[in-house]
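# Overview (structure and organization)
As a plain string of letters, each chain reads:
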Amino acid sequence: MALPAFILNDETVYTSHGFYLLNAGARLDRFRENPVMLDNHCDSQVIGRWKDLHMEGARLMATPDFDAEDEVGKKRQRQVEKGFVRGASLGLYINAAEYRIDPATGESRLYVTEWEALEASIVAIPSNAGAVSLRVYNSESRPMAETELSVHLERIVKLSKSNNNMSTIKNQTEADVTLSAQALVALGVSESATTAEVSAAVVRLSAELEKEKAEHEALKNEVEADQKRRAEDMVELAVKDGRITADRRETFVKLALADFKTAQETLETLKTKESLSAKVQGSLGGGAIPEARKSWNLCRWMREDMEGLNRLKADAPEAYAEILKKQ
């Protein structure tokens, strides 16, 4: 049965992330060489590949080719054939963006003008009427959370402006410098500016660009450090209350860094380990020491369950006295 083509991008649709994605700025060479199809952007779940990548007007289209020997791939193919699943999600890295006036509304909107496709996934629920959603990756090919995406896009817009202005100047010779009015405004010089004044403005703009890059790097490091701290704190709490063992700490930290919500929901479903003091509390009853602890001396009680020892001292003084006699 012939499978339907999927919409990977519709440049007329304002995405749920808050921008238009222009097909003219697409870099598709790497994706054409490895047109990987993932299941919900899970890089460990390859369910097939994409073929017949092409443009139809404002849409970037491709046809799924499922791996029938993979259980998930086989399941997704059946769901697509029966019309239960029609959504695709493009995973991309953004290189440049700028604000433009939307001709339909007259409002200023963000347009992604240069981007690279990394993968495309089959998803159950599309995010807009074009039956397409997006997953944005950072320079380390790590999916970006919604909380950091807006800051990331604003940085790209600023860097794009600086790069465009620098390119305009770089392509001119010293003997024949012709700058547009917009470039002159960006440089902060007048139309009668001398070569030396233009050169000084370029140096200043270059310094500002380097500063923007440093701030961007610092912000990225801060966001990543905060994400790692949140992940480690959450996992450490799960280790302390016995939901997971210490040897699984790093595994859950990595999961939380990749998908914090999934890791959080997974840990919340795990049962906490019953504490030693709780066991003592539940078994003291009439003041008797649990059978498994009758051989414990005072040092072991103090080391392993001080709370239970204090409870015996208060509620069962005779049992407490027996403990004091043990060497």
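Preceding this section is the structure that the text describes.
To keep things clear, this report deals only with the structure shown in the data block. Bear in mind the structure is a predicted one, so any value in this text is a computation, not a measurement. (Residues numbered from 1 in each chain as written. Predicted model: local features only at pLDDT ≥ 70, side-chain atom pairs only at ≥ 80, totals over all residues. Heavy atoms only, no water.)

Let's shift gears to the overall build of the chain. Secondary structure summary: the chain contains 11 helices and nine strands in total. Within the chain, the fraction of its 327 residues that count as buried is 39%. Counting only contacts in the chain whose residues sit at least 6 apart along the sequence, the fraction spanning at least 24 positions is 62%. Split by element, the accessible area of the chain, about 19300 Å² in all, is 50% carbon and sulfur. (Helix = DSSP H or I, 4+ residues; strand = E, 2+ residues; numbered from the N terminus. Buried < 20%, exposed > 50% of the residue type's maximum accessible area, 1.4 Å probe, protein only. Contact = heavy atoms within 4.5 Å. Areas by Shrake-Rupley, 256 points an atom, 1.4 Å probe, with all protein chains shown as cover.)

With that settled, the discussion passes to the nonpolar core. Side chains of a nonpolar character, in soluble globular proteins, are inclined to be buried together. One finds Leu8, Phe19, Trp50 and Trp115 to be the most contacted residues of the largest nonpolar core, which totals 34 residues. Of all the secondary-structure elements, those providing two or more residues to this core are β1 (6–10), β5 (42–56), β6 (59–66), β7 (87–101), β8 (108–123), β9 (132–137) and α3 (146–170). With six residues, β8 is the single largest residue contributor to this core. Once you skip the residues sitting within four places of it in the chain, Phe19 turns out to touch Val13, Tyr14, Ile94, Leu110, Val112, Leu134, Val136 and Leu153. Val235, Ala256, Ala263 and Leu267 belong to the second largest nonpolar core, which has 11 residues in total. (Core = buried A, V, L, I, M, F, W, Y, C linked by side-chain atoms within 4.5 Å.)

So, about a positive patch on the surface. Together, Lys74, Lys75, Arg78 and Lys82 make up a positively charged patch on the protein surface. In this structure, Lys82 sits in the loop between α2 (71–81) and β7. What makes Lys82 exposed here is its relative accessible area of 56%. (Patch = residues over 30% accessible without salt bridge, like charges linked within 9 Å, V, L, I, M, F, W, Y side chains within 5 Å. Salt bridge = Lys/Arg side-chain N within 4 Å of Asp/Glu carboxyl O. Lys, Arg positive; Asp, Glu negative; His and termini not counted. Charge placed at Lys NZ, Arg CZ, Asp CG, Glu CD.)

Attention now moves to the packing of helix α10 (residues 306–315) against helix α11 (residues 317–325). Between α10 and α11, whose axes approach to 6 Å, the crossing angle comes to 125°. Considering the angle they form, α10 stands oblique to α11. In this structure, α10 uses Leu309, Leu312, Lys313, Ala314 and Asp315 to contact α11, whose residues at the interface are Pro317, Ala319, Tyr320 and Ile323. (Axes fitted to C-alpha atoms, helices over the stretch in contact; angles between N-to-C directions. Parallel < 35°, antiparallel > 145°, perpendicular 65-115°, else oblique.)

With that settled, consider the packing of aromatic side chains. Enumeration over the complete set of coordinates arrives at four aromatic pairs. With centroids separated by 5.8 Å and ring planes inclined at 70°, the aromatic side chains of Phe6 and Trp50 adopt a geometry described as edge-to-face. Here Phe6 is found in strand β1, whereas its partner Trp50 is found in strand β5, with 44 residues between them in sequence. Among the residues examined, Trp50 registers a relative accessible area of 5% and is labelled buried. Geometrically, the ring pair formed by Tyr20 and Tyr111 is stacked, given 4.9 Å between the ring centres and 25° between the ring planes. Of this pair, Tyr20 sits in strand β2 (residues 20–21) while Tyr111 is found in strand β8, placing the two residues 91 residues apart along the sequence. Side by side, Tyr20 and Tyr111 carry an identical accessibility label, which is buried. Here a set of aromatic residues connected by ring pairs shows up, and it is made of Tyr14, Tyr20 and Tyr111. Over the aromatic face of Phe6 sits the side chain of Arg86, whose NZ or CZ is 5.0 Å from the ring centroid. (Phe/Tyr/Trp six-rings, centres within 6.5 Å; stacked < 30°, edge-to-face > 60°. Lys NZ or Arg CZ within 6 Å of the ring centre and 35° of its normal.)

Tallying each qualifying case throughout the model produces 21 salt bridges. Among the salt bridges present, the one from Glu114 reaches Arg27, with a minimum N-O distance of 3.3 Å. Residue Glu114 is found in strand β8, and its partner Arg27 is found in strand β3 (residues 26–27); the two are separated by 87 residues along the sequence. Here Arg243 and Asp241 are joined by a salt bridge, their closest N and O atoms 3.0 Å apart.

Here we take up the side chain of Lys220. Positionally, Lys220 belongs in helix α5 (residues 195–240). In this structure the side chain of Lys220 is engaged in a polar contact, spanning 3.3 Å, whose partner is the side chain of Glu217. (Polar contact = N/O pair within 3.5 Å; in protein donor to acceptor, adjacent residues only side chain to side chain.)

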